[in-house]
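So you can see what is in the structure, the chains are spelled out below.
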Amino acid sequence: MNRRDFLKGLAASSYVTLSGSSLLAPLNALASTGTDEVWKTTGSHFGAFKMTRKNGVIDKVISFDLDKYPTDMINGVKGLVYNPSRVRYPMVRLDFLLKGHKSNTLERGDYRFVRVTWDRALSLFKDSLDEIQTKYGPSGLHAGQTGWRATGQLHSSTSHMQRAVGMHGNFVKKVGDYSTGAGQTILPYVLGSTEVYAQGTSWPLILEHSDTIVLWSNDPYKNLQVGWNAETHESYAYLAQLKEKVAQGKIRVISIDPVVTKTQKYLGCEQLYINPQTDVALMLGIAHEMVSQNLHDKAFIEGYSLGFDEFLPYLLGEKDGVAKTPEWASQITGVSVEIIKDLAKVMTKGRTQIMMGWCIQRQQHGEQPYWMAAVLATMIGQIGLPGGGISYGHHYSSIGVPSSGAAAPGAFPRNLDEGQKPLFDSSDFKGASSTIPVARWIDAILEPGKTIDANGSKVTYPDIKMMVFSGNNPWNHHQDRNKMKRAFHKLECVVTIDVNWTATCRFSDIVLPACTTFERNDIDVYGSYANRGVLAMQKMVEPLYESLSDFEIFTRFAALMGKEKQYTRGLTEMDWLRKLYDECKAANAGKFEMPDFNTFWQQGYVHFGEGENWTRHSDFRDDPEINPLGTPSGLIEIFSRKIAQFNYDDCPGHPSWMEKSERSHGGPGSDKYPIWMQSCHPDQRLHSQMCESQEYRETYTVQGREPVYLNPLDAKARGIKDGDLVRVFNDRGQLLAGARVSNRFPQGVIRIHEGAWYGPVGKDGSKQGGNEIGALCSYGDPNTLTQDIGSSKLAQACAAYTCLVEFEKFSGKVPEVSAFSGPIEISR
């Protein structure tokens, strides 16, 4: 792509309304000419890459030398930089620019913005913070962040934003995350740690010792394409070995999931259908069969756990009059009695490794399947043995790849340095909580002052008046778009710093353009858990338009407060990279010898070598008294006295089956909306990241829309064929998606991958009407339909999977997709 073609492409996808001739100026990245054939290294969530430039534009992109299993997403990398969704200049919502905090907030989301200078935008940002802190104090400001990040240890969007805003004043923060909110809350009570982000038993040990692997709502072949740091993709070598062992009959792999997963298709393993959201009932049926047939490991239960005697009366029906037999479980789950009984035998014969996915805990009562799975593993008695027990993260960031054990480089500081004080030093939250559960921020905006239960405490919602987001997109990962609109009508100011015009930018008042990871220098860990080495992230091109790095944006912001040197500690970007690298080098001295910074930067990578195999919980199994778990008793807690004391009706003292507010296949709500919508992690994105990569997106969309995967019989009953446009709807919202008909999806189940960008259009089909309650999402964001409820009083986590819908063939005038173009730019 040469400079002329690039300019023509941008012009073809420009903003709806242009003012003046300044749209394409300045284009700093296109200033250089000629061919630059020097290969540079960089990293991303999708892997490490080498790149060259031509005429100042990224030209060739190839995978890193050590990446033997690069993801197909490498084909979308250039589109992360060059796409029509880029935020090009600082922009301010029209009515906010005119009226500030007294603007008409019902217009928020109408996509009308005015271009301003960086100085003007940052001054408005600071003035808004001044007003909020003066009128409301820290309880009026939420800057806690709610989402992912870009790779790189220096340019962390959350760290830069929270450090800079923290220099101005205190603010409301969050606890937990959307990915594992229920799991990371329940598991410390059961196994003594969050488990979900812990290193797991090494794959070589699993491949050597396991007889049976149970993938429970887990699709590692799909999800291991991306990682928290620059991903190595080393897990795929082990999955290839597992595929071979499955074919040879040496390891039995059972995928328990309503859908035929990508992993099941790759491995050629067994797939066990289960009615959605009924996993706890199946686990209870298996446990009952273990007890009735005397298959459970009594010695392990006695020596390593606590509370089985309190759980047993519930399992046997002595407590509630309902024995959790295979027959009982079969009626709920749709799994035959014979298969349930066989699972009890299979899982207790030989070495069994249970691998749980994360989707299963993103539902109402999402704590229960994780807890009950730990109970099953305890009853099997193999926790702490190589190739046995349970894990909650083997699908994430190459968990299970043996770690090098080296010290990783540190990061830019998120908090204020010792002795520093903010401009507004108040810590008076006016009787409200300073920290709230991550998924309850919309409730807090709508119901300030309300007190809820959360993890054994009382949380009182603060009266939030202003939100600041940087490098994350809650208008994709939160639930119920119409509820979000009602909440955003109450806010006085919303500020977003981002690379692209996400839906979060659309519903903001001040939008600041950040550059991509490929437009600045950084360093990163190569392999989040493998910790294979340190990777240089070398700037590929200069920042496009007027975008700046997070470091530069908040350095300028700190200068407005007279705190620039406090913010940067007097260091430049390259000073910081040298500092982080040299500290890592010193920490590894004597074990991993690293070259000096200049040599490292030139060669682009330092390798730490291979790691050693390791078994999770082996030290606990060796001696539970010397190596206790982090639970109150130090043992596995099948029954938790602490949780029982909370007296929660939706999370009792032992794992339990509880009906959902919405459940397909005869469950509540299925008479009106009979279809369960699965909104799992996408196959060709990282949540919403890479959805903006236009050419790559076009390789999987249907008529320009996100695919909705349908069972052939369900599609036929509604007159839908593959490739048709489909309207999916319920009482919470409606969306358009493109039909993909496949036998991999059972009747009564559809899938729309989360992370699809929200592109609302009004009744007239215009994107200006996207702020209307009930607006149709023109692209296919599933969170237009999901319900915004907490998992339980314990975790108060995301419960997106508890969602019923209906769908039909779309008729009428087809609106244009509004998700990926820039705003309606208004002249002054």
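Going along each chain's sequence as written, the residues are numbered from 1 onward. Totals for whole chains, interfaces and linings use every residue, but because this is a predicted model, local features are given only for residues with pLDDT of at least 70 and side-chain atom pairs only at 80 or more, for both listing and counting. Just so you know, side-chain values use all the structure's heavy atoms and leave hydrogens and water out.

Peer 1: Give me the side chain of S693: which residues, what numbers.
Peer 2: For S693, the position within the fold is in the loop between β24 (675-678) and α27 (694-697). Identification of polar contacts relies on pairs of N or O atoms within 3.5 Å, with a donor-acceptor requirement for protein atoms, meaning one able to donate a hydrogen and the other able to accept it, and with residues adjacent in sequence counted only if both atoms are side-chain atoms. Within the structure, the side chain of S693 is placed 2.7 Å from the backbone oxygen of G76, a separation counted as a polar contact. Helix numbering and strand numbering both begin at the N terminus, where a helix is a DSSP run of H or I of at least 4 residues and a strand a DSSP run of E of at least 2.

Peer 1: Before we move on, can you summarise the pattern of salt bridges with the specific residues and values?
Peer 2: Should a side-chain nitrogen of Lys or Arg be within 4 Å of a carboxyl oxygen of Asp or Glu, the pair is scored as a salt bridge. All chains considered together, the criterion is met by 41 salt bridges. We note a salt bridge from K50 to D65, for which the minimum N-O separation is 3.1 Å. Within this pair, whereas K50 is found in strand β2 (residues 47-54), its partner D65 is found in the loop between β3 (57-63) and α2 (77-81), the two being separated by 15 residues in sequence. Residue K135 is joined to E131 by a salt bridge in which the shortest nitrogen-to-oxygen separation is 3.9 Å. Of this pair, K135 and E131 both sit in helix α4 (residues 118-135), four residues apart, which is roughly one turn of the helix. By relative accessible area, K135 is classed as partly exposed at 44%. Through salt bridges with shared partners, one network takes in R440, D443, K483 and D788. Partly exposed describes any residue whose relative accessible area lies between the buried limit of under 20% and the exposed limit of over 50%, with all areas from a 1.4 Å probe on protein chains only and scaled to the type maximum.

Peer 1: Any details on the sheet that holds strand β13 (residues 389-391)? Residues and values, ideally.
Peer 2: Strands pair in a sheet through their backbones, by hydrogen bonds, and they do so in one of two ways: parallel or antiparallel. In this analysis, strands are considered paired if DSSP registers two or more bridges between them. Pairing within the open sheet is parallel, and its five strands lie in the order β10-β9-β8-β12-β13. Each of the sheet's edge strands pairs with one partner strand only, and the pair in question is β10 (270-272) and β13. Each neighbouring strand pair of the sheet contributes to a mean axis angle of 20°, computed without reference to strand direction. Across three bridges, the pairing between strand β9 (residues 252-256) and β10 is parallel. Within the sheet, the bridge partner assigned to S255 lies in β10 and is Q271. By definition in these notes, contact holds between two residues if any of their heavy atoms fall within 4.5 Å. Axis definition: a line fitted to C-alpha atoms, over the contacting stretch in the case of helices. Angles run 0 to 180 degrees between N-to-C directions. On top of the sheet, helix α16 (residues 367-380) reaches β8 (212-216), β12 (352-356) and β13; it is set at about 175° to β12, its chief contact.

Peer 1: Lay out the UniProt feature "domain: Molybdopterin oxidoreductase" (unreviewed entry) in the protein with the relevant residues and their values.
Peer 2: UniProt positions are given in the numbering used here, feature names are shortened, and annotations may be inferred rather than shown by experiment. The feature "domain: Molybdopterin oxidoreductase" (unreviewed entry), as given by UniProt, occupies residues 86-558 in the numbering adopted here. For residues 86-558, the end-to-end C-alpha separation is 25 Å, with 36% helix and 15% strand making up the annotated structure.

Peer 1: Kindly report on the nonpolar core, identifying the contributing residues and their values.
Peer 2: With 103 residues, the main nonpolar core has W216, I286, M356 and Y392 as its most contacted residues. Those residues in contact with Y392 that lie beyond four places of it in its chain are L187, L191, E195, V196, M356, W358, Y370, A373 and A374. Here the nonpolar core consists of buried residues drawn from Ala, Val, Leu, Ile, Met, Phe, Trp, Tyr and Cys, with membership extended through side-chain atoms lying within 4.5 Å. Membership of the second largest hydrophobic core comes to 53 residues, among which are I132, L141, M167 and V468.

Peer 1: Now, about the packing of aromatic side chains: what can you tell me, with residues and values included?
Peer 2: Side-chain rings of Phe, Tyr and Trp, where Trp is taken by its six-membered ring, are said to pair if the distance between their centres is within 6.5 Å; with planes under 30 degrees apart they count as stacked, over 60 as edge-to-face, and otherwise as tilted. Tallied over the full model, the rule gives 43 aromatic pairs. With 6.3 Å between their ring centres and 75° between their planes, Y696 and Y700 make a pair best called edge-to-face. By relative accessible area, which is 3% here, Y696 ends up buried. Cluster of aromatic residues (ring-pair linked, three or more members): W441, F469, W475, F488, F507 and Y758.

Peer 1: Can you break down the domain arrangement of the protein residue by residue, with the values?
Peer 2: A domain assignment, automatic or from a database, supplies the domain bounds used here. Each assigned domain of the protein is listed with its residue range as follows: domain 1 (40-81), domain 2 (91-176 + 409-527 + 541-594), domain 3 (201-392 + 623-646) and domain 4 (675-825). Placing a centre on the C-alpha atoms of domain 1 and another on those of domain 4 gives a separation of 29 Å. Contacts between the two partners involve nine residues from domain 1, matched on the other side by nine residues from domain 4. Both faces considered, domain 1 and domain 4 share a buried interface measuring about 750 Å² in area, 69% of it formed by carbon and sulfur atoms. Contact with domain 4 buries surface across domain 1, with F46, M73 and L80 losing the most and accounting together for 53% of the total. By definition, the buried area sums, over both parts, the 1.4 Å-probe accessible area that each loses when the two are put together.

Peer 1: Provide a residue-level description of unusual backbone geometry, including the pertinent values.
Peer 2: If you check the backbone angles, N55 has positive phi at about 55° while not being a glycine. The residue N55 is located in the loop between β2 and β3 in this model. Of note, the phi angle at S398 is positive, near 60°, even though the residue is not glycine. Of note, S398 is situated in the loop between β13 and β14 (435-437).

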